[in-house]
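Spelled out, the chains give:
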Amino acid sequence: MVDFVQKHPAVWPVLGCLIFLAMIGGLTGSLDPTVLFTAARLATFAALLGLAQMIVVTSGDGAIDLSQVYVLTLCAYASTTLMDVNPILGFVVAVLIGGLAGLVNGLVNIYLRIPAMVTTLATGYLYFTVILIGSSHMKVLPHPEFVNLITGGVGPISTQTIVVIGVALLLALVLYRTPYGKQLHAVGQNRNAAYLAGIPTNRVVIVAFVVGGLLSGLAGVIAAAVMGGAFQDMGMSYFLPSVAATFVGGTAASGGRSSVLGVAFGALMMTLMSSFLNTAESMFDLVSGIKQLIMGAFLVSILFVSVAGVKRRRSQAGSATTPAVMASNEGL
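Each value, and the rule that gives it
- Residues numbered from 1 in each chain as written.
- Predicted model: local features only at pLDDT ≥ 70, side-chain atom pairs only at ≥ 80, totals over all residues.
- Heavy atoms only, no water.
- Axes fitted to C-alpha atoms, helices over the stretch in contact; angles between N-to-C directions.
- Helix = DSSP H or I, 4+ residues; strand = E, 2+ residues; numbered from the N terminus.
- Parallel < 35°, antiparallel > 145°, perpendicular 65-115°, else oblique.
- Left-handed = near helix turned anticlockwise from the far one by under 90°.
- Contact = heavy atoms within 4.5 Å.
- Nonpolar A, V, L, I, M, F, W, Y, C, P; charged D, E, K, R; others polar.
- Phe/Tyr/Trp six-rings, centres within 6.5 Å; stacked < 30°, edge-to-face > 60°.
- Buried < 20%, exposed > 50% of the residue type's maximum accessible area, 1.4 Å probe, protein only.
- Polar contact = N/O pair within 3.5 Å; in protein donor to acceptor, adjacent residues only side chain to side chain.

This part covers the packing of helix α6 (residues 87-111) against helix α7 (residues 116-134). The interhelical angle for the contact between α6 and α7, taken along N-to-C directions, is 140 degrees, at an axis separation of 9 Å. In terms of their interaxial angle, α6 and α7 are classed as oblique. α7 is crossed by α6, and the crossing has right-handed handedness. Residues Ala101, Val104, Asn105, Val108 and Asn109 of α6 touch α7, and the partners they reach there are Ala116, Thr119, Thr120, Thr123 and Tyr127. When the residues that make up the contact of α6 with α7 are grouped by side-chain class, the tally is 5 nonpolar, 5 polar and no charged.

Here it is, written out as structure tokens:
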């Protein structure tokens, strides 16, 4: 059972989703299946940003992207402005702007040798400055036809959920069935060893940032349509749930390990947790801000468990290789 859980970290967020569904049912007095479909729709942005964060974190070396919310907002403004000219062109260019932002992050991180956290914090403020300067000259209302498409669905499943499923399937194919995916995980585990093995580590890491930027841009385009337009702080409320979804889904904080399914269900679990806390706040008149406190404490706990698990696996690997090294030395 322990081996199964280690190989399939998505077990934990799936279990968490079931628990929070039961808790919501306990508060409301009924188990309404529409709660699950609604939560899946609301989890769209946490899922897309979580998947984007997962790729960057998997590249290792303590990488994390703090510019996501600003890239999301910038691409939201770009989509509402450019779609007024041509909806398809506006969609494509807005998403590509997110990829360009990711490219800038990757180039600064790799070639200027600035840690990813500092790099993305600085570039994030740069992107926000562009938003502050240019927002007064941009359109803020989304294209009506695109809004109808994004806010529609097939039966109880929303278009937003279908987009997340499609993105998750594509990422799973790339990460676990292509040479790039194997290279990314190798680089995340040990960049020096990967470089000595002939893997183009710089290119692999930069591509990870670009893909993360593309997904953040896609989240921004969809957010502008769903929220009825672009505004300056539209991505802030999704950053904490997306980071929590990244790590609760089984992504190793030290890099080299990812789970697309785990991150997707992690975003759903965080959304169900938020729904449960909102319901509890209204029913029991809890102190304002308790939700953010609980979610923040939950994220810290996840990071603690993730780092502890990495240290335990490394110590086990080291103890397992020591006898083999001693035996080889005796043979010599």
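From this point, the narrative continues.
The tally for this structure, following the rule as stated, stands at 5 aromatic pairs. Both rings, one in Phe20 and one in Phe276, keep their centres 6.2 Å apart while their planes meet at 50 degrees; by these two values the pair is tilted. You can see Phe20 sitting in helix α2 (residues 11-28) and its partner Phe276 sitting in helix α14 (residues 260-284), a full 256 residues away along the chain. Assessed through its relative accessible area of 13%, Phe20 is described here as buried. Joined through ring pairs, the aromatic side chains of Tyr70, Tyr125 and Phe128 make up one cluster.

Okay, the packing of helix α5 (residues 68-82) against α6 next. Look at α5 against α6: their axes get within 8 Å of each other, and the N-to-C directions meet at 155 degrees. Judged on the interaxial angle alone, α6 and α5 are roughly antiparallel. For the pair α5 and α6, the sense of crossing is right-handed. For the pair α5 and α6, contact is made by Val71, Leu74, Cys75, Ala78, Ser79 and Leu82 and by Gly90, Val93, Ala94, Ile97, Gly98 and Ala101, respectively. Looking at the contact of α5 with α6, its residues break down into 9 nonpolar, 3 polar and no charged.

Our focus in this paragraph is unusual backbone geometry. Phi is positive for Asp61, which is not a glycine, with a value near 60 degrees. Along the chain, Asp61 falls in the loop between α4 (44-58) and α5. Judged by relative accessible area, Asp61 falls into the exposed class, the value being 62%. Here the phi dihedral of Arg113 falls at roughly 55 degrees; this positive angle occurs in a residue that is not glycine.

Residue position: Ser67 is located in the loop between α4 and α5. At 3.1 Å, the side chain of Ser67 forms a polar contact with the side chain of Asn105. The residues touching Ser67, leaving out its near neighbours within four places in the chain, are Asn105, Thr120, Thr123, Gly124 and Tyr127.

If you check which residues of helix α13 (residues 236-248) are buried, you get Tyr238, Pro241, Ser242, Val243, Ala244, Ala245, Thr246, Phe247 and Val248. Phi for Gly250, located one or two positions after α13, is positive at around 105 degrees.

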